[in-house]
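Examination of the molecular architecture
Now for the letters of each chain:
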Amino acid sequence: AVLTFSAFQAQAQVDATLNTLGVLAGGTQLGVDFAINDEFSVEGTIGYNNNDDVSIIIDDASTNYSSRGIPIQAVSKYYIGPAKGTDKFYAAAFMRYVNRNYEQVGVEDPNTFTQSRFGIGFGLGTKLISRSGVVFDFGMNLGRVISENVAVNETDVRLPRAIVGFKIGIGYRFGA
């Protein structure tokens, strides 16, 4: 049993990546992509978003807010014609949950509210693997919010229902 477990561990392929676009936009997103076989993988990501200039329409007036959020995402990827196991072009399906806190900017007694959203969607991308195991993952996701909870005191808040995500991930491949 120990030898079987050791052999399985040696065969495992895991890609860990950091989304560099998130770092440039004031947050971060870490992902771990587990290969199921050469053509299919499942990636889990967690991040932290920090945006100091969000324009939100409240009671028919645009107001500036800062937001802090923690997105969690699960992505399944199907690779077309992989060469080094889970690489090259892929089509993806994802589920995303995010919880955000908003605070009004530039006022003495700021309004605050929280938001939780769950959405699903599809994506496309490509993953390149260097000889030394460095991973480059470029992708784009498009989806729609299917469940949202906004905690605001009797105020009409309108937020976009679309989910748009871009990834320029750089990381490392562990395992085979």
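In terms of strand pairing, strand β6 (residues 112-129) meets strand β7 (residues 134-151) through 16 bridges, oriented antiparallel. Considered in β7, the bridge of G123 is made with N141. The turn joining β6 and β7, which pair antiparallel and follow one another in sequence, is formed by four residues; a positive phi near 95° is taken by G133. Looking at chain direction, β7 and strand β9 (residues 162-175) are connected through eleven bridges and run antiparallel. From the neighbouring strand, D137 faces β9, where its bridge partner is G169.

With that settled, consider the pairing of strand β5 (residues 88-104). For strand β4 (residues 61-79) and β5, the ladder comprises 15 bridges, and the chain directions are antiparallel. Of the residues in β5, the one forming a bridge with P71 is V98. Relative to β6, β5 is paired through 16 bridges, and the arrangement is antiparallel. Opposite Y97, over in β6, you have F118 as the bridge partner.

The rolling of a water-molecule-sized probe over the atoms marks out the regions of remaining empty space. Its boundaries defined by the atoms lining it, the largest pocket holds a volume of some 1,100 Å³. Forming the boundary of the largest pocket are 50 residues, of which N49, R96, R100, V164 and G165 lie nearest the centre. With nine residues, the single largest contributor to the lining of the largest pocket is strand β3 (residues 40-58). Residue composition of the lining of the largest pocket, by class: 23 nonpolar, 20 polar and seven charged.

To continue, consider the nonpolar core. V75, Y79, Y90, A92, F94, V145 and I163 together form the largest nonpolar core, which totals seven residues. Contributing elements (two or more residues each) for this core: β4 and β5. Looking at this core, the element that brings in the most residues is β5, giving three residues. Within the second largest apolar cluster, six residues are counted, among which are I56, Y65, Y102 and F113.

Our focus in this paragraph is the packing of aromatic side chains. Counted under the stated rule, the structure contains five aromatic pairs. Between Y65 and Y102, the ring centres sit 6.5 Å apart and the planes meet at 80°, which makes this aromatic pair edge-to-face. Of this pair, Y65 sits in strand β4 while Y102 is found in strand β5, placing the two residues 37 residues apart along the sequence. Assigned by exposure class, Y65 and Y102 land together as buried. Put simply, the rings of Y65, Y102 and F113 pair up and form one aromatic cluster.

Each value, and the rule that gives it
Residues numbered from 1 in each chain as written. Predicted model: local features only at pLDDT ≥ 70, side-chain atom pairs only at ≥ 80, totals over all residues. Heavy atoms only, no water. Pairing = 2+ DSSP bridges. Helix = DSSP H or I, 4+ residues; strand = E, 2+ residues; numbered from the N terminus. 1 Å grid on protein atoms, 1.4 Å probe; cavity = no way out; pocket = protein on both sides within 12 Å on 5 of 7 lines; lining within 4 Å. Points joined across faces, edges and corners; volume = space filled by probe spheres on them. Nonpolar A, V, L, I, M, F, W, Y, C, P; charged D, E, K, R; others polar. Core = buried A, V, L, I, M, F, W, Y, C linked by side-chain atoms within 4.5 Å. Buried < 20%, exposed > 50% of the residue type's maximum accessible area, 1.4 Å probe, protein only. Phe/Tyr/Trp six-rings, centres within 6.5 Å; stacked < 30°, edge-to-face > 60°.

The analysis is restricted to geometry; functional conclusions fall outside its scope.
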